[in-house]
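Commentary on secondary and tertiary structure
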Amino acid sequence: MPRLVPLEKTRNLGIMAHIDAGKTTTTERILYYTGMTHKMGEVHEGTAVMDYMEQEQERGITITSAATTCIWNDIRINLIDTPGHVDFTAEVERSLRVLDGAIAILGAVEGVEPQTEAVWRQADKYRVPRIVFVNKMDRAGADFEACINQLRSKLHANPIAIQLPLSAEDSFQGVIDLIRQKAISWKEETLGAGYEETEIPAACRENASRWRDQMIESLGEMDDHILSKYVHGEPVSAEEIKASLRRCAISLKAVPVLCGAAFKNKGVQPLLDAVVDYLPSPMDVPPIEGVVPETEEKVTRRAADDEPFAALVFKIMTDAFVGQLAFLRVYSGSLGNGDSVYNPRRGRRERISRLLRMHADKREEIDEVFAGDIAAAIGLKSVSTGDTICDEDHPIVLEAMDFPTPVVSVAIEPKTKADQEKLGNALSKLTQEDPTFKVHTDPDTGQTLISGMGELHLEILVDRMMREFNVAANVGRPQVAYRETVLAAAEAEGKYIRQTGGRGQYGHVNLRLDPLPHPDPSEIADLTKKKSTNKFDAELNLLFIDAIVSGTVPREFIPPVYQGVREAMEGGVLAGYEMTGMRVTLHDGSYHEVDSS
């Protein structure tokens, strides 16, 4: 079956922000104006399409990232709405990993908030181009210019305002388009679906002209063609500005900034136009890089249907009716119903039974997916979040995702014997869905402990166990998972000698410990490549350096030394908590030819 939408007319887009900045409200307006829904959902009424879980509707927050698809001006937009709470940071992480662009939403009163900084860093990590939407311009205290300044000072971004608010606070009417030099105001009786373009009011012209000059000047610093026209006093056309802005946004040199009030239905259509104009299609981003499993040789895959198939599983969801749903982003090639795929991490082939296009919790069956698509597959039993699935004849492993370690634990136990088995099943399914949710048994007390990113995170998961899996359980009080670390360099010598008659035991090492608060990924990659006995454990933030010269400790004994260091880090010296953030250098030692083994 041929592709229905050309690749250059596809946008894979996420919406990210701090809590209560208006992500879901903006998404609901996007769905309404693109004709995907015929009634606007509201978060405070519990009717938002994207917040479909019972807990989301009751609490008025987004808990899980929801995917949908809509069409705007013949461009297909695959849209993912993400949570704002830090407890659900894994949802943002895995969404940004597979997206080509993002809308960052700021509250016009609050500006840049702590979680805005966190999601911005996540987008920087995956080099995701973004545009900024300053929302809630109708609220008392709204300040568009302050938001622009905070983008510079707090996020170190290069914001370029392409709109100005037409009035603000209670009198907010619409926006001034600086590129086309028009004022746009929305008709309230049409719920914002109708709007009119007029000339910029006389009172705003001078200010608009100043901001437009700033926009062209900022573009001129990054674009020689614009600079040449600006210096010679020649007029710069709207098409030239748009083309330059697109190049700067995709290359992460600039961030276009728009404004509006999503709840009052103002500013959403120009935001959709900006998504189409300034965010990349899968063809505009560099080819995805991966490694061949056996040889570790680097290979790339272009976003093209004729390339070998490669996709990344970025989310697992348990469905009461169809079992396990695996959400995947296709980077190259195509995949049809009934096709077999290869999971290089497991070394297993699996067959796709059905492919679905998701619309929040609704699903539409499709026959085939192509490069650049985001879809869900039924039939993949052994995949986990971050796994690559590919063509068996052309295996590739794409870069997986890093998730933070849990910070809060609670003890959980079933209320009755009948709940025991159901609890085990529920915990198994939830750990498969959520990479930041961990289950382990306390070695001292024998209790089952569940760990997550915060009290809210664990509260939601326990609530889901009761509702979805019908498990009645008692939950203990939350305990913070403290960590210990070293603050200064230290040296230590360890000697183990035991004679029991006949062959004894002998080990002797000299170690140097240094703090490692923020490991540098490039330095770690260089060190581990240079020597196979140099190791890095991301979970413990432990960098182990083998600095042995002249074979004072034979090579075969170095991995056991590393294992010994890892075991020692399981219990710290202050309060017995796990240790983290250390650089351990093995620089000297000795061995016995007979007794060392």
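This one's a predicted model, so the numbers in the text were calculated from it and none came from an experiment. (Residues numbered from 1 in each chain as written. Predicted model: local features only at pLDDT ≥ 70, side-chain atom pairs only at ≥ 80, totals over all residues. Heavy atoms only, no water.)

**Here we look at the pattern of salt bridges**
Applying the stated criterion across every chain yields a total of 31 salt bridges. A salt bridge links Glu58 to Arg467; the nearest nitrogen and oxygen atoms lie 2.8 Å apart. Residue Glu58 is found in helix H2 (residues 54-59), and its partner Arg467 is found in helix H11 (residues 455-468); the two are separated by 409 residues along the sequence. Between Arg467 and Asp463 there is a salt bridge; the shortest N-O distance is 3.2 Å. Note that Arg467 and Asp463 are positioned in helix H11 at a spacing of four residues, about one turn of the helix. You can call Arg467 partly exposed: its relative accessible area is 35%. Looking at Asp463, the relative accessible area reads 17%, which means it is buried. (Salt bridge = Lys/Arg side-chain N within 4 Å of Asp/Glu carboxyl O. Helix = DSSP H or I, 4+ residues; strand = E, 2+ residues; numbered from the N terminus. Buried < 20%, exposed > 50% of the residue type's maximum accessible area, 1.4 Å probe, protein only.)

**Digging into the sheet that holds strand E31 (residues 505-515)**
Read from one edge to the other, the open sheet built from five strands follows the order E30-E31-E34-E33-E32, with strand pairing classed as mixed. Single-partner strands in this sheet number two, and they are strand E30 (490-498) and strand E32 (535-537). On average, each strand axis in the sheet is inclined to that of its neighbour by 20°, with strand direction left out of account. In the sheet, E30 pairs with E31 via nine bridges, with the strands oriented antiparallel. Within E31, the residue paired with Ile497 across the bridge is Tyr506. On top of the sheet, helix H13 (residues 558-568) reaches E31, E32, strand E33 (542-546) and strand E34 (582-590); it is set at about 150° to E33, its chief contact. (Pairing = 2+ DSSP bridges. Axes fitted to C-alpha atoms, helices over the stretch in contact; angles between N-to-C directions. Contact = heavy atoms within 4.5 Å.)

**Some remarks on the domain arrangement of the protein chain**
Under the domain assignment used here, the protein chain contains domain 1 (7-200 + 254-278), domain 2 (288-398), domain 3 (408-476) and domain 4 (490-590). Taken together, the contact between domain 2 and domain 3 spans seven residues of the former and four residues of the latter. With both sides pooled, the region where domain 2 packs onto domain 3 buries about 480 Å², and carbon together with sulfur makes up 43% of that total. A per-residue breakdown of the area domain 2 buries against domain 3 is headed by Ile316, Thr318 and Thr385, which together make up 75% of the total. Where domain 2 packs against domain 3, one counts zero salt bridges. At the boundary of domain 2 with domain 3, the tally comes to two residue pairs in polar contact (both at pLDDT 80 or more). When grouped by side-chain class, the residues that make up the side of domain 2 that touches domain 3 number three nonpolar, three polar and one charged. (Domains from an automatic or database assignment. Buried area = accessible area lost by both parts, 1.4 Å probe. Polar contact = N/O pair within 3.5 Å; in protein donor to acceptor, adjacent residues only side chain to side chain. Nonpolar A, V, L, I, M, F, W, Y, C, P; charged D, E, K, R; others polar.)

**Here's the deal with a negative patch on the surface**
Taken together, Asp143, Glu145, Glu169 and Asp170 make up a surface patch of like negative charges. Looking at the element boundaries, Glu145 is found in helix H5 (residues 144-153). (Patch = residues over 30% accessible without salt bridge, like charges linked within 9 Å, V, L, I, M, F, W, Y side chains within 5 Å. Areas by Shrake-Rupley, 256 points an atom, 1.4 Å probe, with all protein chains shown as cover. Lys, Arg positive; Asp, Glu negative; His and termini not counted. Charge placed at Lys NZ, Arg CZ, Asp CG, Glu CD.)

**A few points about the pairing of strand E8 (residues 174-177)**
Two elements, strand E7 (residues 163-166) and E8, share four bridges in a ladder whose sense is antiparallel. Counted as the bridge partner of Leu164 is Ile176 from E8. The pairing of E8 with strand E9 (residues 182-186) spans four bridges and is antiparallel. By the bridge assignment, Ile176 is partnered in E9 with Ala183. Between E8 and E9, which pair antiparallel in sequence order, lie four residues; one of them, Gln181, sits at a positive phi of approximately 55°.

**Quick look at the packing of aromatic side chains**
Evaluated as defined, the whole model comprises six aromatic pairs. Their ring planes at 70° and their centres at 5.5 Å tell us that Tyr32 and Tyr33 sit as a pair that is edge-to-face. Ring centres of Trp186 and Tyr195 lie 5.6 Å apart, and the angle between their planes is 40°; on these two criteria the pair is classed as tilted. On the basis of relative accessible area, Tyr195 is assigned to the partly exposed category, the value being 33%. One cation-aromatic arrangement involves Arg130 over Trp120; the distance from NZ or CZ to the ring centre is 4.6 Å. (Phe/Tyr/Trp six-rings, centres within 6.5 Å; stacked < 30°, edge-to-face > 60°. Lys NZ or Arg CZ within 6 Å of the ring centre and 35° of its normal.)

**A look at H5**
Here H5 has its buried residues at Phe144, Cys147, Ile148, Gln150 and Leu151. Looking straight down H5, one finds its buried side chains confined to an arc of 165°; they lie on one side. (Arc of directions from axis to C-beta.)

**Some thoughts on the sheet that holds E7**
With respect to topology, four strands assemble into an open sheet ordered E7-E8-E9-E10, the strand pairing being antiparallel. Where the open sheet ends on each side, the last strands, each with one partner, are E7 and strand E10 (195-198). Strand-to-strand twist across the sheet, computed as the mean angle between neighbouring axes with direction ignored, equals 25°.

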